[in-house]
Amino acid sequence: MSRALPLSPPTTPGSPITQGTPSGAPASSPAGPRSPLGALLVRVRGALPVLPVVAVVALLGLPIAPSGEGGASIADAMSGLLVVGCAVRLVRDRRRPLSPGAAAVLALPVIGIAVAAADAAGPGAGLTGLTRYLQIFVLAPSAVVLLVRDRRDLRLLAWAFVALALWQGTVGVHQYVTGTGASYQGEDVRAVGTFGPTDVMGMATVVAFGLVCAVALALGSGTARQRTPAVVCALALLPPLALSFSRGAWIATALACGAQLALAGVRRAVKVGAVVAAVAVILVGGLGVGTEMLQQRLDSITQVTDAPDQSVVDRYTMWAAAVDMWRDHPLTGVGLKGFPDHRDGHASLALSSGSDIGGAGTAYSKQPLLSPHNMYLLVLSEQGLIGLLALAGSWLALLVCALRGLVRVRRAPPDGPAAAGGGPARTATGLDCALIACGLLCWQLVDFVYADIGGPSTVLTGVCFGLVAWWALVDRVSPLSLASEAGVSPTRSAGPGASARPDAPDTPDTPDTPDAPTASDASAAPVSEAAAPPVSASAASPGSSPTPGSAKEAPTR
C-alpha cells in the first residue's frame, strides 16, 4: 500500500525553506548558548540507555582476586542485571524489537547448547555450562543489541574498550618494568594487568580489543578530532600487547588489523603497511628495541612444529583428545563441562599435569588443563556437530551481514562531498563503525583457534558479539539509517520553543524517536520507513521552476 507524502505549503518569494523540517511546522527560534556543564549533562542524558553496557566494560578494570575455580566476577553480575533489565523492559513495552531473522541468528546457538546441557554428566555441570554459554553467546549480545540505539552509542562503547585497554596496558607495563607480573621463564615479568596469573589471556584480550577499536576509529574517521587520538591510543597499546607474551593474541591482532586496512581501501593498506614495516625495521633492526625474551617468543611462533615447547605440546595433545571425544560422540558430544572428565581417557602420555602459574601476588601452583584451548574443538567435543554447526552458523551469518553493512556504507555518499564546497571529500559516514564490527569479529574468530571461553575477561566477549550483532542485524533498519537515507536527522520530540537543530546523519542529539508525532512535535517529526521529507517543486523536478505562491504535490510511493 502506498502512502502519500505530506504536501508542501505554498511558498512566497523570499520565504525561507527549512531543510529537514516537515511542511507546516512552525519556525523555531535558535537555541541560546549552552554552558559546558549543561552540554555535558545533555550528552550524559542522551547516553543513559547504553551506560549499563559501559559499566560492564568499566568493571573489568577493577582488581580481581586470584582464583583457579573461574567463578563469576562483578562484571558478570552486572551483565546479569543488564539481561534482566532488558527482559523487564520488553515485557513492559510488549513489543518486538528485533526482526525474525535477527532473532533467529542470535538464538541459533541455543539449539546445540540445550542438547549438550541435557547430555551433561550431572545436573550441576549441565546448569553451570548452560548458564555460561547462554550468557556469552546469546543473552549478553542480545542485551547489547537492545540497548545500543545508533552509531554514536557504538562509538561510545568502542572508546570504552580503548579506555579499558589503556588502563590494563598501563598496569601491565608497570608489572614488566618493576618485575611484579606473572611468572614467565622463571621471572615475574609477564604483563597480566589486574586479571592475575590465573587469567594470563585477560589483559592480552582487553588490549587487543582496544587496539582493534582504535585502528578502526582512526581508519574510518573523517575528522582529525577522532582520528588523531585514535592513532595515539593504537600506538600506546602496542607495548602492553607485546609484553603479554601471548602468541595467539599477536596473531589474531595482526590478522584483524590487516583485514581492517584492506577493507578501508587497498591504497591506504599499502601505505600504512609500508610505514609499519619501515618503523619495525628501524626499531628492531636498527635500534635493537625488544628484549631477548620477546625475540624468543616471536621465534617460537615458527617453531611450533620443529621444536615446540611444553605449552605447545600440551595444546596439541588436548586438541587430539578433543577430536577423539567427538569421534566417540559425533552428534551431541560428551556434554557441557564434560571435557575434563574425558580428557585422561583420550589424551596421550605427552600431556603434562598442568601449567605453572605464579607471580603477580600469587604463590606458585599448578593450574589444571580443563579445556583444549581451542573454542571450535571445545564445542565439537562437548556439543558435537549439532552444537558446532549452530554456533559457527550464527557467527558466519554475523560475518556476512557485517560485511554487507560495510559495503553499504562504502557505497553511500561521503559526509563531506567535494562538490559541496570544492574541498576534498571526506570518509563515508559509518565506515568506522563497520570497521569496528568487522575487526572485532575477525579477531575473535581467529583467536578462538588458540583460546576458548573462561576467566573473568570472558564477559567482554559477549559485549563484543553484541556490538557486532547490532551493526550486522539492526543498523540498516534503525531510525538513524532511515534518516541517513532520507537526508535528515532523527530527533526527539521537542517542546514549544525548542529548536530543531540539524545534525549529522549518524550523530543525532537524541536518537529516541516518538511513536507518533503530535501537533507540538511537528517541528521535529521522526523519519519512518514509509515517509520521507517533503520535496519542494524545484527538488522534485530539476528542470522546472515554481512560480511564486504555488507548489507542486510531492510524489507518492
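Calculation notes
Residue numbering note: each chain is counted from 1, following its sequence as written. Given that the model is predicted, a residue must reach a pLDDT of at least 70 before its local features are reported, and side-chain atom pairs must reach 80 or more before they are shown or counted; all residues, however, enter totals for whole chains, interfaces and linings. Neither water nor hydrogens contribute to the side-chain values; these are computed over all heavy atoms in the structure. Secondary structure elements follow DSSP: runs of H or I no shorter than four residues count as helices, runs of E no shorter than two count as strands, and numbering proceeds from the N terminus. Burial status follows relative accessibility: with a 1.4 Å probe on protein chains alone, a residue under 20% of its type maximum counts as buried, one over 50% as exposed, and anything between as partly exposed. Contacts are assigned to residue pairs with any non-hydrogen atoms lying within 4.5 Å of each other. To be clear on the numbers: accessible area is Shrake-Rupley with a 1.4 Å probe, and residue cover counts the displayed protein chains and nothing else. Salt bridges, as used here, are contacts in which a Lys or Arg side-chain nitrogen is within 4 Å of a carboxyl oxygen on Asp or Glu. Expected span, for any helix, means 1.5 Å times one less than how many residues it has. The directions considered for the arc run from the helix axis to the C-beta atoms. Confidence of the predictor at the level of single residues is given by pLDDT, which spans 0 to 100. When DSSP locates at least two bridges between a pair of strands, those strands are taken to pair. Patch rule: a residue counts if its relative accessible area is over 30% and it has no salt bridge; like charges are joined within 9 Å, and nonpolar side chains (Val, Leu, Ile, Met, Phe, Trp, Tyr) within 5 Å. By the counting scheme adopted, Arg and Lys are positive, Glu and Asp are negative, and His together with the chain ends is not counted. By convention, charge coordinates are those of NZ in Lys, CZ in Arg, CG in Asp, or CD in Glu. The definition of a nonpolar core used throughout is a set of buried Ala, Val, Leu, Ile, Met, Phe, Trp, Tyr and Cys residues joined through side-chain atoms within 4.5 Å. Only C-alpha atoms enter the line fits that serve as axes; for helices the fit covers just the stretch in contact. Angles between N-to-C directions range over 0 to 180 degrees. Handedness of a helix crossing follows the sense of rotation of the near helix relative to the far helix, less than a right angle counterclockwise being left-handed and clockwise being right-handed. Lys, Arg, Asp and Glu make up the charged group, whereas Ala, Val, Leu, Ile, Met, Phe, Trp, Tyr, Cys and Pro make up the nonpolar group; the residues left over, Gly among them, are polar. In this analysis, rings of Phe, Tyr and Trp, with Trp reduced to its six-membered ring, are considered paired at centre separations within 6.5 Å, and the interplanar angle assigns stacked below 30 degrees, edge-to-face beyond 60, and tilted for intermediate values. Only lysine NZ and arginine CZ atoms are considered, and such an atom sits over a ring when it is within 6 Å of the ring centre and within 35 degrees of the ring normal. A pair of cysteine sulfur atoms is labelled a disulfide when the two atoms are within 2.5 Å.

Assigned secondary structure in the protein consists of 21 helices and 4 strands. Within the span of the protein, comprising 557 residues, buried residues form 42% of the whole. Taking the intrachain contacts of the protein between residues at least 6 apart in sequence as the baseline, contacts between residues at least 24 apart amount to 75%. For the protein, the exposed surface amounts to about 26700 Å²; the carbon and sulfur share of it is 64%.

This brings us to the pattern of salt bridges. Oppositely charged side chains can pair when the atoms bearing their charge come close. Counting across every chain of the model gives 4 salt bridges. One salt bridge in this structure joins Arg343 and Asp344, with 3.1 Å as the shortest N-O distance.

Let us look at helix α11 (residues 247–264). End to end, α11 covers 26 Å across 18 residues, agreeing with the expected 26 Å (1.5 Å per residue, within 8%). In the stretch just after α11, Gly265 is the one whose phi turns positive, near 145°.

Let us now look at helix α4 (residues 100–107). Of all the positions in α4, only Ala102, Val105 and Leu106 are classed as buried. Within α4, the buried residues cover an arc of 95° as seen down the axis, which keeps them to one side. Lining the buried residues of α4 we find α6 (123–147), α16 (375–411) and α19 (459–473).

The next subject is the confidence of the model for the protein. Mean pLDDT over the protein stands at 75; residues scoring 70 or higher make up 67%. In the predicted structure, residues 1–32 sits below a pLDDT of 50 and forms 48 contacts with residues beyond four places in sequence or in another chain. Within the model, the stretch residues 479–557 combines pLDDT values under 50 with 124 contacts to residues more than four positions away or in other chains.

Attention shifts here to the pairing of strand β2 (residues 187–190). In terms of strand pairing, strand β1 (residues 182–184) meets β2 through 3 bridges, oriented antiparallel. Following the sheet pairing, Ser183 is matched in β2 by Asp188. Here β1 folds back onto β2 in antiparallel fashion, the turn holding 2 residues, of which Gln185 has a positive phi close to 55°.

All right, on to a positive patch on the surface then. On the surface, a cluster of positive charge is made up of Arg227, Arg267, Arg268, Lys271 and Arg410. Per-element tally for the positive patch: the top contributor is helix α12 (residues 266–286), with 3 residues. Note on placement: Arg410 falls in helix α16.

You will see that Phe245, though not glycine, has its phi angle at about 55°, which is positive. Along the chain, Phe245 turns up in the loop between α10 (238–243) and α11. Classification of Phe245 as buried rests on a relative accessible area of 0%. We note that His373 has phi near 55°; this positive angle belongs to a residue other than glycine. Examined against the element boundaries, His373 turns out to sit in the loop between β4 (362–367) and α16.

Below, the discussion takes up the nonpolar core. Within the largest apolar cluster, 116 residues are counted, with the highest numbers of intra-cluster contacts made by Phe137, Leu440 and Leu473. Beyond its immediate chain neighbours, meaning those up to four positions away, Leu473 contacts Ala102, Val105, Leu106, Leu398 and Cys401.

Right, let's talk about the environment of Val192 for a bit. Its place among the elements puts Val192 in the loop between β2 and α8 (200–220). Sequence-wise, Val192 and Gly172 are 20 residues apart; in three dimensions their C-alpha atoms are separated by 5.6 Å.

A separate point is the packing of helix α2 (residues 51–59) against α19. Viewed as axis vectors pointing N to C, α2 and α19 meet at an angle of 145°, and their least axial separation amounts to 10 Å. The hand of the α2/α19 crossing is left-handed. Of α19, the residues touching α2 (which contributes Val53, Val56 and Val57) are Val459, Leu460 and Val463. Across the contact of α2 with α19, the residue classes tally to 6 nonpolar, no polar and no charged.

The next thing to look at is the packing of helix α7 (residues 151–178) against helix α9 (residues 224–236). The geometry of α7 relative to α9 is characterised by a closest axis approach of 10 Å and an angle of 35° between their N-to-C directions. Helix-helix and strand crossings are classified by hand; for α7 and α9 the assignment is left-handed. Contacts from Arg155, Trp159, Val162 and Leu166 in α7 reach Gln226, Pro229, Ala230, Cys233 and Ala236 in α9. In terms of residue class, the contact of α7 with α9 is made up of 7 nonpolar, 1 polar and 1 charged.

Let us look at the packing of aromatic side chains. Summed over the entire model, instances satisfying the criterion amount to 11 aromatic pairs. An angle of 65° between the planes, with centres 5.9 Å apart, marks the rings of Phe137 and Phe465 as edge-to-face. Of this pair, Phe137 sits in helix α6 while Phe465 is found in helix α19, placing the two residues 328 residues apart along the sequence. The burial state of Phe137 is the same as that of Phe465; both residues are buried. Measuring from centroid to centroid gives 6.0 Å for Tyr376 and Trp395, while their planes differ by 80°, and the two rings are edge-to-face. Its relative accessible area of 23% is what places Tyr376 among the partly exposed residues. What links up through ring pairs into an aromatic cluster is the set Tyr133, Phe137, Tyr376, Trp395, Phe448 and Phe465. Looking at Arg408, its charged tip hangs above the ring of Trp471, at a distance of 5.8 Å from the centre.

Moving on, we come to the state of the cysteines. Under the definition given, this model contains 0 disulfides. Cys442 takes part in no disulfide bond, and the closest cysteine sulfur to it belongs to Cys438, at a distance of 8.8 Å.

Turning next to the environment of Val463. Looking at the element boundaries, Val463 is found in helix α19. Between the C-alpha atoms of Val463 and Phe137, which are 326 residues apart in sequence, the distance is 9.3 Å.

Okay, a nonpolar patch on the surface next. On the surface, a nonpolar cluster with roughly 500 Å² of combined accessible area is contributed by Ile111, Val115, Leu331, Leu385, Ile386 and Leu389. Listing elements by their share of the nonpolar patch, those giving two or more residues are α5 (110–118) and α16. Element by element, the count of residues in the nonpolar patch is highest for α16, at 3 residues. Looking at the element boundaries, Ile386 is found in helix α16.

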